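Descriptive analysis of the structure
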Amino acid sequence: MDDYIKITRNGLWNNNQALVALLGLCPLLAVTNNIVNAIALGAATTFVLVCSNVTVSIFRKQISKEVRIPIFVLLISSFVTIVELLMQSFFYDLYLILGIFVPLIVTNCAILGRAEAFASKNSWDKSAIDGLMMGVGFSVVLVILGAMREAIGNGTLFDQSSLLFGSVGESLSITLFENYQGTLLAVLPPGAFIGLGLIVALKNLIDVRTADASSLVSHNENVAANSVGSP
Amino acid sequence: MIQRPIINAGILLVVFTSVSIFFVSFTQDQTKDQIRYNEEQLLIKRLGELVDGYDNKILDDKFSKNINIHGVDQEVNIYPAKSNNKTFAYLVEHTYPNGYNGNIRLLTGVGTDNTLLGVRVITHKETPGLGDKIDTRKSSWIEQFAGLSLSNPLPSQWKVKSDGGAFDSFTGATITPRAIVTASYQVLEYFSQHEIE
């Protein structure tokens, strides 16, 4: 059980693929113009990660060391193609917007990275959790960045949700500022870099604070222990 | 003598490739009808924004033609809209090469009386927030072309306002609206000077 908690914590925070490993930046920066795109690409990436992790770990004893990379790439690209076809048949409008970035999930190093670093050494259930958590961690960053850029760039949130959730989605769309002219910088690629930089900085700040706090606690405990020990 | 591990690795690759191909082609087979249907629906929706009242199967009547328009040779797709077997409008898919960021793919509807039914952007790479107002999702600017012709406004007025013409341009983006105005004018010009079928 401890293992699962550790895997979850790694995926969501300690080894977050977007914030710590800084992998998969190409789709991360390109499609995070708004929340809907971010959710869609995050979900597709997570699905591929879980599938590839599970498959790789099931066959990890059969896959010989020499040909493991071509086989991983083969598996990942097959899953991506399947996702692309499914998206084209069920979410066609969304597929038109995401366009080239769906097939480009293949090039997201995070997926190959998890296959190599985790799934090829661990059981299928742990690999599944790892894939899921790494995917969710990545998606959360996508969505936060998408929300920041959409709010600052367009003054809306969940715009065009109907592409993802059908008619239910139309009521989700929020206009934050009426008659907002938009801030071009946030929509263009530099806005994505600046936004990602701010999120990484925030994460590091939180890490430093919690590290300080815990060392302070252990320091106080030592002091207390010493003072009790000494007369 | 080939070493044993190499043969094993080869067999492994063949097995994985075959299984992957099976799953991908199975998915493709299952989804292809739906994907085709989606593509056709999108096209019908786009055509329907520009023309209504046709009673022919407009997708089946489509034909392609090699023409020289916008200064380049290109193959354009033309959809004739007919009523009682008489064509009353053509919808033409064409590419205008001089957008701010290259090609703009357009769908332009022209009536047989040489008036514009309207113009829609299919794909473009114009700057988000500036040039992309030609997209109906961002603004209604492009809807003003419906009903215009070579005499309305006069040919000398088929320009954006900053060039002395009749069309508004966007703040911070002149090249993109200029491209659409020019492209529309050239289509009208082409249709008035050539037999289409």
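Refer to the structure printed above.
Residues numbered from 1 in each chain as written. Chains lettered and ligands numbered in written order. Predicted model: local features only at pLDDT ≥ 70, side-chain atom pairs only at ≥ 80, totals over all residues. Heavy atoms only, no water.

**Comments concerning the packing of aromatic side chains**
To keep things clear, this is the line we draw: For Phe, Tyr and Trp, where Trp contributes only its six-membered ring, two rings pair if their centres lie within 6.5 Å, and the inter-plane angle classes them as stacked under 30 degrees, edge-to-face over 60, or tilted in between. Every helix listed is a DSSP run of H or I at least four residues long, and every strand listed is a run of E at least two residues long, numbered separately from the N terminus. Relative accessibility decides the category of a residue: with a 1.4 Å probe and only protein chains considered, values under 20% of the type maximum give buried, values over 50% give exposed, and everything between is partly exposed.
Here the structure, examined in full by the defined rule, presents 12 aromatic pairs over all chains. Ring centres of F59 of chain A and F16 of chain B lie 5.5 Å apart, and the angle between their planes is 85°; on these two criteria the pair is classed as edge-to-face. Residue F59 of chain A is found in the loop between α3 (35–58) and α4 (68–90), and its partner F16 of chain B is found in helix α1 (residues 4–50); the two belong to separate chains. Judged by centre distance (5.2 Å) and plane angle (15°), the ring pair of F145 of chain B and F167 of chain B falls under stacked. Of this pair, F145 of chain B sits in the loop between β5 (116–123) and α2 (175–193) while F167 of chain B sits in the loop between β5 and α2, and the two are 22 residues apart along the sequence. Each of the two residues, F145 of chain B as well as F167 of chain B, counts as buried.

**A short note on the interface of chain B and chain A**
Note the cut-off: Only heavy atoms enter the contact rule, under which two residues are in contact if any of them lie within 4.5 Å. Here the quantity called buried area is the total loss of accessible area, with a 1.4 Å probe, experienced by two parts when brought into contact, counted for both. Salt bridge, as applied in this entry: a Lys or Arg side-chain nitrogen positioned within 4 Å of an Asp or Glu carboxyl oxygen. What qualifies as a polar contact is a pair of N or O atoms within 3.5 Å, subject to a donor-acceptor requirement within protein and to the restriction that residues adjacent in sequence count only when both atoms come from side chains. For this classification, Asp, Glu, Lys and Arg are treated as charged, while Ala, Val, Leu, Ile, Met, Phe, Trp, Tyr, Cys and Pro are nonpolar and the rest, including Gly, are polar.
On the chain A side, the residues contacting the 21 residues of chain B number 24 residues. Summed over both sides, the interface between chain B and chain A buries roughly 1,900 Å², with carbon and sulfur atoms accounting for 79% of that surface. Summed over the shared surface of chain B and chain A, the result is zero salt bridges. Between chain B and chain A we count three residue pairs in polar contact (both at pLDDT 80 or more) in total. In terms of residue class, the side of chain B that touches chain A is made up of 10 nonpolar, nine polar and two charged.

**Some words on the packing of α3 of chain A against α4 of chain A**
All names here are of chain A. Applicable threshold: Here an angle of 0 to 180 degrees is reported between the N-to-C directions of two axes, which are lines fitted to C-alpha atoms, with helices fitted over the stretch in contact. Note on angle classes: values under 35 degrees are labelled roughly parallel, values over 145 roughly antiparallel, values of 65 to 115 roughly perpendicular, and the remainder oblique. Crossing chirality is assigned from the near helix's rotation relative to the far helix, an anticlockwise turn below a right angle marking it left-handed and a clockwise turn marking it right-handed.
In the contact formed by α3 and α4, the axes pass within 9 Å of each other and the chain directions differ by 140°. The angle between the axes of α3 and α4 places the two elements in the oblique class. Crossing handedness for the pair α3 and α4: right-handed. The segment α3 lies against α4, with A40, A44, F47, V48, C51, S52, T55 and V56 engaging F72, L75, I76, F79, V80, V83 and M87.

**A word on the pairing of strand β4 (residues 102–111) of chain B**
Put simply, side chains in a regular strand alternate between the two faces of the sheet. All names here are of chain B. The test is simple: What makes two strands pair is DSSP finding at least two bridges between them.
Counting buried positions along β4 yields seven of 10 residues, so the element is predominantly enclosed. Alignment of strand β3 (residues 86–99) against β4, held across nine bridges, turns out to be antiparallel. Across the sheet, the residue bridging to L91 is G109, located in β4. If you look at the hairpin formed by β3 and β4, you'll find two residues sitting between the two strands.

**Brief notes about the pattern of salt bridges**
In a structure, side chains of opposite charge can pair up when their charged atoms sit close to one another. Residue and element names in this part refer to chain A. Scanning all chains against the criterion turns up nine salt bridges over all chains. Among the ionic pairs, R68 bridges to E116, the shortest N-O distance being 2.9 Å. Of this pair, R68 sits in helix α4 while E116 sits in helix α6 (residues 109–119), and the two are 48 residues apart along the sequence. A residue is classified by how much of its surface remains accessible, and E116, at 26% relative accessible area, is partly exposed.

**Quick look at the sheet that holds β3 of chain B**
All names here are of chain B. With antiparallel pairing, the five strands of this open sheet are ordered in space as β1-β2-β3-β4-β5. Here the strands that pair on one side only, and so sit at the sheet edges, are β1 (63–69) and β5. Neighbour-to-neighbour, the strand axes of this sheet turn through a mean angle of 30°, independent of strand direction. With seven bridges joining them, β1 and strand β2 (residues 72–83) adopt antiparallel strand pairing. Residue pairing in the sheet places S64 in a bridge with N77 of β2. In the packing of α1 onto the sheet, contacts are made with β2, β3, β4 and β5, and the angle to β5 comes to roughly 150°. The strands touched by α2 within the sheet are β1, β3, β4 and β5, with β3 carrying the most contacts at an inclination of about 140°.

**Focus on the environment of S184 of chain B**
Residue and element names in this part refer to chain B. Relative to the elements of secondary structure, S184 occurs in helix α2. As a C-alpha pair, S184 and S151 span 33 residues in sequence and 13 Å in three-dimensional space. Non-local contacts of S184, meaning those with residues more than four positions away in its chain, are made with L116, V119, F145 and W158.

**Quick look at the state of the cysteines**
All names here are of chain A. Heads up, the rule is: Disulfide: a pair of cysteine sulfur atoms within 2.5 Å of each other.
Tallied over the full model, the rule gives zero disulfides over all chains. C51 carries a free sulfur, and the closest cysteine sulfur to it, the one in C109, is 19 Å from it. Take C51: its relative accessible area is 18%, and that puts it in the buried class.

**With respect to unusual backbone geometry**
Residues and elements named next belong to chain B. Looking along the chain, the bond that leaves N152 and enters P153 is cis, with omega of -5°. Along the chain, the position of P153 falls in the loop between β5 and α2. Notably, N84 is not glycine yet its phi reads approximately 50°, a positive angle. Locating N84 in the fold gives a position in the loop between β2 and β3. Phi angles above zero are rare outside glycine, and N85 is one such case at about 65°. Considering the arrangement of structural elements, one finds N85 in the loop between β2 and β3. Residue classification places N85 among the exposed positions, given a relative accessible area of 73%.

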